[in-house]
Amino acid sequence: MAKLNLVGRWRHLTIPALVLIVGLAATVLTAFQLHAADKARDASRLGIEANLAVSALQQRMEGHSALLRGTAGLFAGSSDVTSHEFLAYVDRLGLGSRYPGVLGIGYAAWLPNADAEARLAEAARARGETGFRIWPADGRGPRSAIVYLSPPTGQNVSAIGFDMYSEATRREAMDRAARTGDLAMSGRVTLVQDGLASDQPGVLMFIPVTAADGAGGRRLLGFVYSPLRAGDLLETVFPRKPDRLVDVAVYDGAPEPGRLLFQTAPPRATPGALSTLRVMQVAGRPWSVVTRTRPAFAEGGNRWLTIWTSGLGLAATLALSFGVLVQARAGMQAEAARGELRQTNASLEDRVAQRTVELVRANADLRAEMARREDAEGQVRQMQKMEAIGQLTGGIAHDFNNLLTIVIGNIELLQTSTEEPQLLEFAESALQAGVRGSQLTRQLLAFSRQQTLEPELVDVNKLVGGMVKLLQRTLSARVDIRLVEEPHIWKVMVDPAQLDSAIVNLAVNARDAMPEGGKLTIETRNRSIDT
């Protein structure tokens with residue numbers, strides 16, 4: 001069966017190809033839209049989780065803020081709060097059971113000068129606290145000292161007298177609280193109660209305690225503060241449960257490893273695919289809350305819907321394309337059968353035309369053979385003519401050579417019998433002409449194949465220089481002969497007689513081309529000719 005050409009096949013395969021392309025494009029577009037919708041849904045769910053995390057953290061920190069504000073109100077309502085009053089007030093708050101992570105609530109006196117330090121030490125002795133001291137002792141300038149810290153556990157008691165203003169992170173929060181008159185959260189620190197061996201970072205929240213200065217202003221008396229252990233505090237807000245959908249990490253400031261306060265993700269856990277960042281203000285301090293998905297989060301999405309849709313769309317596209325391809329193949333086979341029928345009908349005409357072409361080619365070959373035979377016969381006749389001319393030329397050359405031999409011999413006798421310079425010069429010129437005539441006869445004999453050529457190494461400059469006088473007498477006086485010689489001319493392998501004859505013939509032709517006279521330049525030059 002005859003095969004269709006490329007255009008014919010493409011005409012039948014266009015529709016299946018279009019069905020395949022459109023089906024694949026629709027499947028990809030649908031899958032992309034479903035994937036984009038699933039990502040948007042996951043982003044929205046993650047945003048809700050992040051907002052819930054921030055809201056829960058805000059509620060917890062507002063509760064701790066209320067504790068400090070109430071304690072500051074205690075000092076505002078009394079000019080002299082005793083240690084018993086302070087301990088009783090804090091004890092009623094129930095810090096250990098109601099507020100995990102809060103190590104206590106304390107009061108730190110503000111000591112702007114040495115006199116204030118002395119008054120504080122005297123008041124401590126009056127209360128019977130003989131071991132009270134302000135530490136570290138190398139502080140300069142304004143200082144502070146923890147006076148009360150409840151509940152009076154062993155760790156809290158060890159912090160009594162500590163100068164929090166001596167440490168830069170605490171000092172920044174205390175200055176901010178005094179400047180704003182409101183709550184101020186410190187940066188990440190190691191709590192005095194925990195010591196250097198603690199595995200949890202801590203923060204402190206301050207609120208200033210002031211009194212009227214008698215001049216219409218307020219003077220700073222000290223700070224009500226609360227040391228917070230970040231891990232215990234935030235564990236109650238974000239429990240570390242294995243069934244969590246998202247992990248929460250809280251940072252002091254920028255989300256950097258050195259600023260981490262708390263995270264729910266287990267150590268060396270694989271980070272989730274999605275994450276979002278919320279920045280919230282906690283008592284004037286920015287906290288970063290990073291919410292990141294866990295693998296279980298993706299199970300609530302429509303990822304499998306996207307996969308199933310893509311698979312079904314691909315299967316439907318392939319099935320429809322295959323059906324259309326089968327129809328196209330049937331059409332190609334029908335068209336191929338019609339083409340084969342047309343070829344069969346035309347084959348007879350083709351064979352007749354081919355036979356005609358063969359007959360024409362054979363006739364042309366016969367004519368060409370006849371022409372080649374006529375050319376060969378013409379060449380044979382020409383050779384016969386040239387052979388007859390050669391025989392005639394050889395006879396004349398022999399006779400002429402005999403005459404030249406007599407002439408050359410007489411000239412040589414003349415040269416030996418006289419010493420007159422002018423006669424010797426004429427005799428030399430006549431001798432050279434006779435020699436060249438003898439060379440001409442040798443050329444005629446060579447043409448008639450009765451004498452062979454005699455090539456030899458020839459100095460072209462010397463040969464041409466010897467011909468100048470002969471040429472000056474042979475040519476018209478109106479022709480000025482100029483000789484230009486190559487200084488280091490190469491010797492050539494040539495028959496001198498043949499070269500003489502060639503130069504004379506060229507000179508005569510040049511004279512005939514200049515009937516009014518002119519300049520004839522004969523130049524020798526080295527040339528390499530590739531053969």
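Computed from a prediction, not measured in an experiment: that's the story for all the values here.

**Quick look at the overall build of the protein chain**
Moving on, step 1. Across its full length, the protein chain holds twelve helices and 13 strands.
Moving on, step 2. Scaling as 2.2 N^0.38, a compact globule of 531 residues should have a C-alpha radius of gyration of about 24 Å, whereas the protein chain reaches 63 Å, well beyond that.
Moving on, step 3. In terms of its C-alpha atoms, the protein chain occupies a principal-axis envelope of roughly 170 × 90 × 45 Å.
Moving on, step 4. Here the protein chain, with 531 residues, has 34% of them falling under the buried criterion.
Moving on, step 5. Summarising the internal contacts of the protein chain: among those between residues at least 6 apart in sequence, 69% fall at separations of at least 24.

**Considering empty space enclosed by the protein**
Moving on, step 1. Considering all chains together, one arrives at one cavity of 30 Å³ or more under this definition.
Moving on, step 2. What the largest cavity holds in volume is close to 50 Å³.
Moving on, step 3. Counted by class, the lining of the largest cavity contains eight nonpolar, one polar and one charged residues.

**Overview of the environment of Glu122**
Moving on, step 1. Structurally, Glu122 can be placed in helix H4 (residues 114–126).
Moving on, step 2. Separated by ten residues in the primary sequence, Glu122 and Phe132 have C-alpha atoms spaced 9.7 Å apart.

**Regarding a nonpolar patch on the surface**
Moving on, step 1. Residues Leu24, Leu314 and Leu318 make up a contiguous nonpolar surface patch of about 240 Å² in total accessible area.
Moving on, step 2. Structurally, Leu318 can be placed in helix H9 (residues 303–417).
Moving on, step 3. On the basis of relative accessibility, which here comes to 45%, the residue Leu318 falls in the partly exposed class.

**Concerning the nonpolar core**
Moving on, step 1. Of all hydrophobic cores here, the largest spans 47 residues; its most connected members are Leu57, Met61, Ile105, Tyr107, Val224 and Trp287.
Moving on, step 2. If one sorts the elements of this core by residue count, helix H1 (residues 6–76) sits on top with eight residues.
Moving on, step 3. If you look at the next biggest cluster of nonpolar residues, it comprises 19 residues, including Leu103, Trp110, Ala184 and Leu191.

**Section: the sheet that holds strand E9 (residues 285–293)**
Moving on, step 1. On the basis of which strands lie adjacent, the open sheet formed by four strands has the order E7-E6-E9-E8 and antiparallel pairing. The sheet is open, and its two edges are formed by strand E7 (260–263) and strand E8 (275–282), each paired on a single side. Across the sheet, the axes of successive neighbouring strands diverge by a mean angle of 20°, strand direction being ignored.
Moving on, step 2. Sheet topology note: the strand E6 (residues 246–252)/E9 ladder contains seven bridges and is antiparallel. Across the sheet, the residue bridging to Val246 is Thr293, located in E9.

**Considerations on the side chain of Arg244**
Moving on, step 1. You can see Arg244 is positioned in the loop between helix H7 (230–235) and E6.
Moving on, step 2. Setting aside its immediate chain neighbours within four residues, Arg244 contacts Phe238, Pro239, Thr264 and Arg294.

**Some words on the layout of surface pockets**
Moving on, step 1. By volume, the largest pocket is sized at about 700 Å³.
Moving on, step 2. Lining the largest pocket are 26 residues; nearest its centre among them are Ser79, Tyr107, Ala109, Leu120 and Leu221.
Moving on, step 3. A breakdown of the residues in the lining of the largest pocket according to their chemical character gives 17 nonpolar, four polar and five charged.

**Looking at the environment of Val282**
Moving on, step 1. Along the chain, Val282 turns up in strand E8.
Moving on, step 2. Along the backbone, Val282 and Asp252 are 30 residues apart, and their C-alpha atoms lie at a distance of 9.8 Å.
Moving on, step 3. In this view, Val282 contacts Met61, Met185 and Trp287; residues no more than four positions away in its chain are not counted.

**Examining unusual backbone geometry**
Across the chain, the bulk of peptide bonds are trans and the bulk of non-glycine residues have phi less than zero.
Moving on, step 1. In this structure, the amide linkage connecting Trp135 to the following residue, Pro136, adopts the cis form with an omega of -5°.
Moving on, step 2. Checked against the element boundaries, Pro136 lands in the loop between H4 and strand E2 (143–150).
Moving on, step 3. Ser150 connects to Pro151 through a cis peptide bond whose omega is 5°.
Moving on, step 4. Tracing the backbone through its elements, the reader meets Pro151 in the loop between E2 and helix H5 (154–158).
Moving on, step 5. Unusually for a residue other than glycine, Ala283 sits at a positive phi of about 55°.

**Considerations on helix H11 (residues 460–474)**
Moving on, step 1. In this model, H11 (15 residues) spans 20 Å end to end at C-alpha, consistent with the 21 Å of a helix rising 1.5 Å per residue.
Moving on, step 2. The axis of H11 is deflected most strongly, by about 35°, at Val468.
Moving on, step 3. The complete set of buried residues in H11 reads Val460, Asn461, Leu463, Val464, Met467, Val468, Leu470 and Leu471.
Moving on, step 4. Here H11 starts with a cap whose side-chain oxygen sits 3.2 Å from the backbone nitrogen of Asn461, and that cap is Asp459.

**Some points on the sheet that holds strand E3 (residues 184–185)**
Moving on, step 1. An order of E2-E1-E5-E4-E3 is seen for the five strands of this open sheet, with the pairing classed as antiparallel. The open sheet is flanked by E2 and E3, the only strands paired with a single partner.
Moving on, step 2. Bridge analysis of strand E4 (residues 202–212) against strand E5 (residues 218–229) gives eleven bridges, and the strand direction is antiparallel. Considered in E5, the bridge of Ile207 is made with Val224.
Moving on, step 3. Lying on the sheet, H4 is in contact with strand E1 (105–111) and E2; it crosses E1 at an angle near 135°.
Moving on, step 4. Relative to E4, helix H6 (residues 168–180) is tilted by about 35°, and along the sheet it contacts E2, E3, E4 and E5.

**Comments concerning the pattern of salt bridges**
Moving on, step 1. All told, the structure shown has 16 salt bridges when counted by the stated rule.
Moving on, step 2. The salt bridge partner of Arg170 is Glu167, with a shortest N-O separation of 3.2 Å.
Moving on, step 3. What makes Arg170 buried here is its relative accessible area of 4%.
Moving on, step 4. Judged by relative accessible area, Glu167 falls into the partly exposed class, the value being 24%.
Moving on, step 5. The partner of Glu172 in a salt bridge is Arg176, and the shortest N-O contact between them spans 3.0 Å. Of this pair, Glu172 and Arg176 are both found in helix H6, four residues apart, which corresponds to roughly one turn of the helix.

**Here's the deal with helix H12 (residues 496–512)**
Moving on, step 1. Taking 1.5 Å of rise per residue, the 17 residues of H12 would be expected to cover 24 Å, and the 24 Å separating its terminal C-alpha atoms lies within 8% of that figure.
Moving on, step 2. For H12, the full list of buried residues reads Pro496, Ala497, Asp500, Ser501, Ile503, Ala507 and Ala510.
Moving on, step 3. You can read the cap of H12 off the contacts: a side-chain oxygen lies 3.1 Å from the backbone nitrogen of Ala497, and it is on Asp495.

**Looking at the packing of aromatic side chains**
How two aromatic rings sit relative to each other is given by the distance of their centres and the angle of their planes.
Moving on, step 1. Per the counting criterion, the structure on display carries nine aromatic pairs.
Moving on, step 2. An aromatic cluster is present here, built from Trp110, Tyr165, Phe206, Phe223 and Tyr225 joined pairwise through their rings.
Moving on, step 3. One cation-aromatic arrangement involves Arg45 over Phe297; the distance from NZ or CZ to the ring centre is 4.0 Å.
Moving on, step 4. Between Arg171 and the ring centre of Tyr165, over which it is positioned, the NZ or CZ distance is 5.8 Å.

Definitions and cut-offs
- Residues numbered from 1 in each chain as written.
- Predicted model: local features only at pLDDT ≥ 70, side-chain atom pairs only at ≥ 80, totals over all residues.
- Heavy atoms only, no water.
- Helix = DSSP H or I, 4+ residues; strand = E, 2+ residues; numbered from the N terminus.
- Rg over C-alpha atoms; globule rule 2.2 N^0.38 Å.
- Buried < 20%, exposed > 50% of the residue type's maximum accessible area, 1.4 Å probe, protein only.
- Contact = heavy atoms within 4.5 Å.
- 1 Å grid on protein atoms, 1.4 Å probe; cavity = no way out; pocket = protein on both sides within 12 Å on 5 of 7 lines; lining within 4 Å.
- Points joined across faces, edges and corners; volume = space filled by probe spheres on them.
- Nonpolar A, V, L, I, M, F, W, Y, C, P; charged D, E, K, R; others polar.
- Patch = residues over 30% accessible without salt bridge, like charges linked within 9 Å, V, L, I, M, F, W, Y side chains within 5 Å.
- Areas by Shrake-Rupley, 256 points an atom, 1.4 Å probe, with all protein chains shown as cover.
- Salt bridge = Lys/Arg side-chain N within 4 Å of Asp/Glu carboxyl O.
- Core = buried A, V, L, I, M, F, W, Y, C linked by side-chain atoms within 4.5 Å.
- Pairing = 2+ DSSP bridges.
- Axes fitted to C-alpha atoms, helices over the stretch in contact; angles between N-to-C directions.
- Expected span 1.5 Å × (residues − 1).
- Bend = angle between axes of the 7 residues up to and from the residue.
- Polar contact = N/O pair within 3.5 Å; in protein donor to acceptor, adjacent residues only side chain to side chain.
- Phe/Tyr/Trp six-rings, centres within 6.5 Å; stacked < 30°, edge-to-face > 60°.
- Lys NZ or Arg CZ within 6 Å of the ring centre and 35° of its normal.

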